[in-house]
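# Inside the fold
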Amino acid sequence: MAGMDANEIQRQSRNANRKGSIIDIDHAAALCRVSVGDPDADGEGLQTNWIPWIAPAAGMTREWLPPTKGEQVLLICPMGDPAQGVALRGIFSDDAPAPSGSPDTHTRLYPDGAVVEYDHAAHSLKDAAETTSNVIGTVTADGKYTDMKALLTAQAKLGLKPRILAAPGLDTQAVATAFGTLAQSLRGFAYVSANGCKTKEEAAAYRKQFSQREVMVIWPDFLAWDETTHQQHDCRAGDGVCRRPAREDRQRYRLAQDTFERRRQRRDGYLSGQNHR
């Protein structure tokens, strides 16, 4: 009996607070399910039943900001009992990093790329429209290209012409439209998300908003595997699509460098031999 009591105490202690990720959401009931660890491992993993998540306010003043699948949470279980658990949100991850690194801002990033940010040091509020303008960029009075438009000067300044264009998390419809024009000028392609479309029909209708063939609307978002939580989670379309061609471009560039170096060595060796004759 004493051994069983010790085991129970150990179980309660282990389950009191555990980091996991959300695997399902019941929006109508304001409940979620959380997965912790590997459910197949002996006593190490678990998946909860439907439990509440902690909201910023839930009294006479209430706030609705539901979590998303794959979001990391801290599972808090009174008495080590997951049936009584609640999910505490707010843990950044590689797939959902902090939207700002400034100590002076309150920033909120939405799934469609919209950003609302208040800088209390500068006493300024930056909204989604300002963010979109900052992403698209402009040409200043002295001829300086900024932000996205600066890509037009890449070949002159760096000897490289960007071909793969994307702004994951920031590709609103206005940004995607500007990307289309930019891609035409650079003879490249712009990979943009479907901007919140829920069905393939909505995604197809959204694609018709762009006249440029260089705009590639990606739907749906990709699924990625989290090796820490052993769960699938959403990955922004631009992230998933751009990684492979970017990697292939690097490989082609390195191959071209190696080929050039070998040819240079053969040429130098040949010239050296000619000089000794």
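The coordinates are above.
Definitions and limits used
Residues numbered from 1 in each chain as written. Predicted model: local features only at pLDDT ≥ 70, side-chain atom pairs only at ≥ 80, totals over all residues. Heavy atoms only, no water. Pairing = 2+ DSSP bridges. Helix = DSSP H or I, 4+ residues; strand = E, 2+ residues; numbered from the N terminus. Axes fitted to C-alpha atoms, helices over the stretch in contact; angles between N-to-C directions. Contact = heavy atoms within 4.5 Å. Core = buried A, V, L, I, M, F, W, Y, C linked by side-chain atoms within 4.5 Å. Buried < 20%, exposed > 50% of the residue type's maximum accessible area, 1.4 Å probe, protein only. Salt bridge = Lys/Arg side-chain N within 4 Å of Asp/Glu carboxyl O. Phe/Tyr/Trp six-rings, centres within 6.5 Å; stacked < 30°, edge-to-face > 60°.

On to the sheet that holds strand β9 (residues 124-126). With respect to topology, three strands assemble into an open sheet ordered β7-β8-β9, the strand pairing being antiparallel. A single partner strand is all that each edge strand has here, and the edge strands are β7 (105-109) and β9. For this sheet, the mean inter-axis angle between neighbouring strands, taken without regard to orientation, is 5°. One ladder, built from three bridges, connects strand β8 (residues 115-119) with β9; its direction is antiparallel. If you follow Tyr118 over to β9, its bridge partner there is Leu125. The sheet contacts of helix α2 (residues 128-136) involve β8 and β9, and relative to β9 the element is tilted by about 70°.

If you look at the biggest cluster of nonpolar residues, it comprises 21 residues, and the most contacted ones within it are Met148, Leu165, Phe179 and Val217. Secondary structure elements with two or more residues in this core: α2, α4 (173-186), β11 (189-193), α5 (200-207) and β12 (215-218). Residues within four places of Leu165 in sequence aside, it is in contact with Leu151, Phe179, Leu182, Ala183, Leu186, Phe189, Ala190 and Tyr191. Counting residues in each nonpolar core, the second largest holds 12 residues, with Ile22, Ile25, Val34 and Val73 among its members.

Following the criterion strictly, the structure yields five salt bridges and no others. One salt bridge in this structure joins Asp24 and Lys69, with 4.0 Å as the shortest N-O distance. Placement of Asp24 in strand β1 (residues 17-26) and of Lys69 in the loop between β4 (51-52) and β5 (72-76) is noted, with a sequence separation of 45 residues between them. The exposure class assigned to Lys69 is partly exposed, which follows from its relative accessible area of 48%.

Let us now look at the environment of Val139. Structurally, the position occupied by Val139 is in the loop between α2 and α3 (154-158). Relative accessible area serves as the criterion here: at 40%, Val139 is assigned to the partly exposed category. In this structure, the C-alpha to C-alpha distance between Val139 and Ala150, residues 11 residues apart in sequence, is 8.7 Å. Setting aside its immediate chain neighbours within four residues, Val139 contacts Lys144, Tyr145 and Lys149.

The next thing to look at is the packing of aromatic side chains. Here the structure, examined in full by the defined rule, presents two aromatic pairs. With 5.8 Å between their ring centres and 50° between their planes, Trp53 and Trp64 make a pair best called tilted. Placement of the pair is Trp53 in the loop between β4 and β5 and Trp64 in the loop between β4 and β5, with a sequence separation of 11 residues. On the basis of relative accessible area, Trp53 is assigned to the buried category, the value being 11%. When the ring of Tyr206 is compared with that of Phe210, the centres are 5.2 Å apart and the planes differ by 85°; the resulting orientation is edge-to-face. Pair check on accessibility: Tyr206 and Phe210 agree, each one buried.

Honestly, that's just the spatial picture; any functional story needs more than this.
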